[in-house]
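Topology and contacts: notes
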Amino acid sequence: MLKSDEELLKTFKIELREEGLIYLEFYTAEPEEESNGRQAELVIGEIDKILKAHPGKNFNFFVDLTKTDTITYLSPKARTAYQKLADGSNLNKAAVVGRSLTLEVTINIMMQAAGRGQSFKWFNDRASAMEWLKK
């Protein structure tokens, strides 16, 4: 059953942090296909608000998946939503911290397909991810 937008907005947090860093933290993974896709659309909508408030500015992205259970599913709708972000010109670098090999492989393939393989990296810990983004 599709969760409401109100419920799904509580499953993640997005903030504009220090200069040029969009911080995205997921609290829960949505295993159900419709909620999974809608969660992704809401995430992209929130990121779009930041991008529109800063036209022409490029950002680094820090994505923290450590508080979620192991994510094993990314719906076609979610893949499409996140692919649009990867295709955007506002992305400098993206660091993802998480524990899901399945998701790591999926995201790596998406980033390679978008020509962003060098600007994306998966990490097992936050400190290494932040250090890489600052280089």
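Treat the numbers as computed from the prediction; the structure is a model and nothing was measured.

Analysis parameters
Residues numbered from 1 in each chain as written. Predicted model: local features only at pLDDT ≥ 70, side-chain atom pairs only at ≥ 80, totals over all residues. Heavy atoms only, no water. Helix = DSSP H or I, 4+ residues; strand = E, 2+ residues; numbered from the N terminus. Polar contact = N/O pair within 3.5 Å; in protein donor to acceptor, adjacent residues only side chain to side chain. Contact = heavy atoms within 4.5 Å. Phe/Tyr/Trp six-rings, centres within 6.5 Å; stacked < 30°, edge-to-face > 60°. Buried < 20%, exposed > 50% of the residue type's maximum accessible area, 1.4 Å probe, protein only. Lys NZ or Arg CZ within 6 Å of the ring centre and 35° of its normal. Expected span 1.5 Å × (residues − 1). Pairing = 2+ DSSP bridges.

Observations concerning the side chain of T11
Looking at the element boundaries, T11 is found in the loop between α1 (5-9) and β1 (12-16). Among the polar contacts made by the side chain of T11, one reaches the side chain of Q39 at a distance of 2.7 Å. Leaving out residues up to four positions away in the same chain, T11 has contacts with E25, F26, Y27, T28, E30 and Q39.

A few points about the packing of aromatic side chains
Summed over all chains, the structure comprises three aromatic pairs. Taking the centre distance of 5.8 Å and the plane angle of 50 degrees together, the rings of F123 and W132 count as tilted. Each member of the pair, F123 as well as W132, carries the same accessibility label: buried. In this structure, K57 is placed above the aromatic ring of F59, and the distance from its NZ or CZ to the ring centre is 5.8 Å. Over the aromatic face of W132 sits the side chain of K93, whose NZ or CZ is 4.3 Å from the ring centroid.

Focus: helix α2 (residues 33-53)
Along an α-helix, residues three or four positions apart point the same way, because every turn accommodates 3.6 residues. The terminal C-alpha atoms of α2 lie 31 Å apart, and with 21 residues this matches the ideal 30 Å at 1.5 Å per residue to within 8%. Taken residue by residue, α2 has S35, N36, G37, Q39, A40, L42, V43, I44, I47, I50 and L51 as its buried positions. The inward-facing, buried residues of α2 contact α1, β1, β2 (21-26), β3 (59-64) and α3 (76-87). Sitting at the head of α2, E32 places a side-chain oxygen 3.2 Å from the backbone nitrogen of E34.

Quick look at the pairing of β2
Successive side chains on a regular strand alternate, one facing one side of the sheet and the next facing the other. In terms of burial, β2 is a largely internal element, six of the six residues being buried. Every second residue of β2 is oriented toward a common face, with L21, Y23 and E25 on one face and I22, L24 and F26 on the other, all of them buried. Sheet topology note: the β1/β2 ladder contains five bridges and is antiparallel. Residue pairing across strands places K13 opposite E25, the latter belonging to β2. Once β1 ends, the chain turns through four residues before running back antiparallel as β2, passing G20 with a positive phi of about 75 degrees. In this sheet, β3 lies alongside β2 in parallel orientation, the contact comprising five bridges. Note on β3: the bridge partner recorded for Y23 is F62.

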